[in-house]
Amino acid sequence: MSVTRWWLIRHAPVPNPTGAIFGASDPVADTSDWAAASALAATLPDPAVWLTSPLRRSRQTARALHPGAEPLVEAALAEQNFGAWEGLSHDAIAARQPADAARFWEDPAANAPPEGESFAAVMARTAEALIRLTAAHAEQNLIAVIHGGSIRAAVALALDLTPAAALRLRVDHWSLTRLDHHATADGSGSWSVGCVNRLPGRDAAGR
């Protein structure tokens, strides 16, 4: 049996005093938390294949963790696209588009914001990417510096979670989630989960 190991990292936080939604938008991350970056970097394997999404906050965080890395950019691992709601707060959305907001919150996993995508769609594209990249980089370590939505989707693949259940997962900035894919000689395989939302250097002392 061969094992391919995934190290999933949520990017550094984005300054956001108004509580705006940044899914497919491309704001700058704050990577100045040296203690968080160094503690996380110390847990990561070398050699490894590094991946990011196309979004700047993902790429910035990867550089903070490993300045010499040349990550592969994988569009399918980007954050959920919130369409017309990008850059707005939840209060602003409720005030401006009450009908759309009410419809969305009836089933936030299956419903898509106007001009955006549902979390169920994020799960589908993330699963396709993980399966494809696992086959392309079998028996290697893959470090993906990505987003809360795509990390929840990856855990959902490993644990056969529904979209609604996956949305309950907490994924903090600078956190590590570990998945392993176990492939057998007959071409079948299975997933195992090592940890979810681990904060190296902070878990033992409390968050």
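Residues numbered from 1 in each chain as written. Predicted model: local features only at pLDDT ≥ 70, side-chain atom pairs only at ≥ 80, totals over all residues. Heavy atoms only, no water.

Caption draft 1: Region of interest: the packing of aromatic side chains. Scanning the model with the defined rule gives two aromatic pairs in all. Plain terms: the ring middles of Trp85 and Phe104 are 5.3 Å apart, the flat faces sit at 80 degrees to each other, and that makes the pair edge-to-face. Of this pair, Trp85 sits in the loop between strand S3 (72-73) and helix H3 (90-96) while Phe104 sits in helix H4 (residues 98-106), placing them 19 residues apart in sequence. When sorted by exposure, Trp85 lands in the same class as Phe104, which is buried. With a centroid separation of 5.2 Å and 80 degrees between ring planes, the pair formed by Phe104 and Trp105 is classed as edge-to-face. Residue class for Trp105 comes out exposed when judged on its relative accessible area of 52%. Taken together through their ring pairs, the aromatic side chains of Trp85, Phe104 and Trp105 make up a single cluster. Above the plane of the ring of Trp7 lies Arg178, whose end atom (NZ or CZ) is 4.3 Å from the centre. (Phe/Tyr/Trp six-rings, centres within 6.5 Å; stacked < 30°, edge-to-face > 60°. Helix = DSSP H or I, 4+ residues; strand = E, 2+ residues; numbered from the N terminus. Buried < 20%, exposed > 50% of the residue type's maximum accessible area, 1.4 Å probe, protein only. Lys NZ or Arg CZ within 6 Å of the ring centre and 35° of its normal.)

Caption draft 2: Structural context of the packing of helix H5 (residues 119-136) against helix H6 (residues 148-159). Contact geometry of H5 with H6 gives a least axis separation of 8 Å together with a crossing angle of 70 degrees. Relative to H6, H5 is oriented roughly perpendicular. Considering the relative orientation of H5 and H6, their crossing is right-handed. Between H5, through Phe119, Val122, Met123, Thr126, Ala127, Leu130 and Ile131, and H6, the contact on the second element is made entirely by Gly149, Ser150, Arg152, Ala153, Ala154, Ala156 and Leu157. Considering only residue class, the contact of H5 with H6 consists of 10 nonpolar, three polar and one charged. (Axes fitted to C-alpha atoms, helices over the stretch in contact; angles between N-to-C directions. Parallel < 35°, antiparallel > 145°, perpendicular 65-115°, else oblique. Left-handed = near helix turned anticlockwise from the far one by under 90°. Contact = heavy atoms within 4.5 Å. Nonpolar A, V, L, I, M, F, W, Y, C, P; charged D, E, K, R; others polar.)

Caption draft 3: Representation of the nonpolar core within the structure. Core analysis: the biggest nonpolar cluster contains 19 residues, and Trp6, Leu8 and Leu179 have the highest contact counts within it. Among the elements of the structure, strand S1 (2-10), strand S2 (49-52), H5, strand S4 (141-146) and H6 are those that each provide at least two residues to this core. With four residues, H6 is the single largest residue contributor to this core. Look past the residues within four positions of Leu8 in its chain and what remains in contact with it is Ala144, Ile146, Ile151, Ala154, Ser175, Leu176, Thr177 and Leu179. Val14, Ala29, Ala62 and Val145 belong to the second-largest nonpolar core, a separate cluster that totals 18 residues. (Core = buried A, V, L, I, M, F, W, Y, C linked by side-chain atoms within 4.5 Å.)

Caption draft 4: Local environment of H6. The terminal C-alpha atoms of H6 lie 17 Å apart, and with 12 residues this matches the ideal 16 Å at 1.5 Å per residue to within 8%. Burial analysis of H6 places 10 of its 12 residues in the buried class, which makes it a mostly covered element. Buried within H6 we find Gly148, Gly149, Ser150, Ile151, Arg152, Ala153, Ala154, Val155, Ala156 and Ala158. Looking at the packing, one finds that the buried side of H6 touches S1, H5, S4, helix H7 (163-166), strand S5 (176-183) and strand S6 (189-198). Among the residues trailing H6, Asp160 stands out with phi positive, at a value near 55 degrees. (Expected span 1.5 Å × (residues − 1).)

Caption draft 5: Representation of the sheet that holds S1 within the structure. Strand order in the open sheet formed by six strands is S3-S2-S4-S1-S5-S6, with mixed pairing between adjacent strands. The open sheet has two edge strands with one neighbour each: S3 and S6. Pairing of S1 with S4, which is carried by six bridges, proceeds in the parallel orientation. Among the inter-strand pairings, Arg10 is bridged to a residue of S4, identified as Ile146. Contacting S1, S2, S4, S5 and S6, H5 runs over the sheet at an angle of about 130 degrees to S1. (Pairing = 2+ DSSP bridges.)

Caption draft 6: Representation of the pattern of salt bridges within the structure. Taken as a whole and assessed by the stated rule, the structure comprises five salt bridges. Residues Glu74 and Arg132 are paired through a salt bridge, measuring 3.1 Å at the closest nitrogen-oxygen approach. Here Glu74, found in the loop between S3 and H3, pairs with Arg132, found in helix H5; they are 58 residues apart in sequence, far enough to count as distant. What makes Glu74 buried here is its relative accessible area of 13%. As a salt-bridge pair, Asp172 and Arg170 come within 3.1 Å of each other at their nearest N and O atoms. A relative accessible area of 52% means that Arg170 is categorised as exposed. (Salt bridge = Lys/Arg side-chain N within 4 Å of Asp/Glu carboxyl O.)

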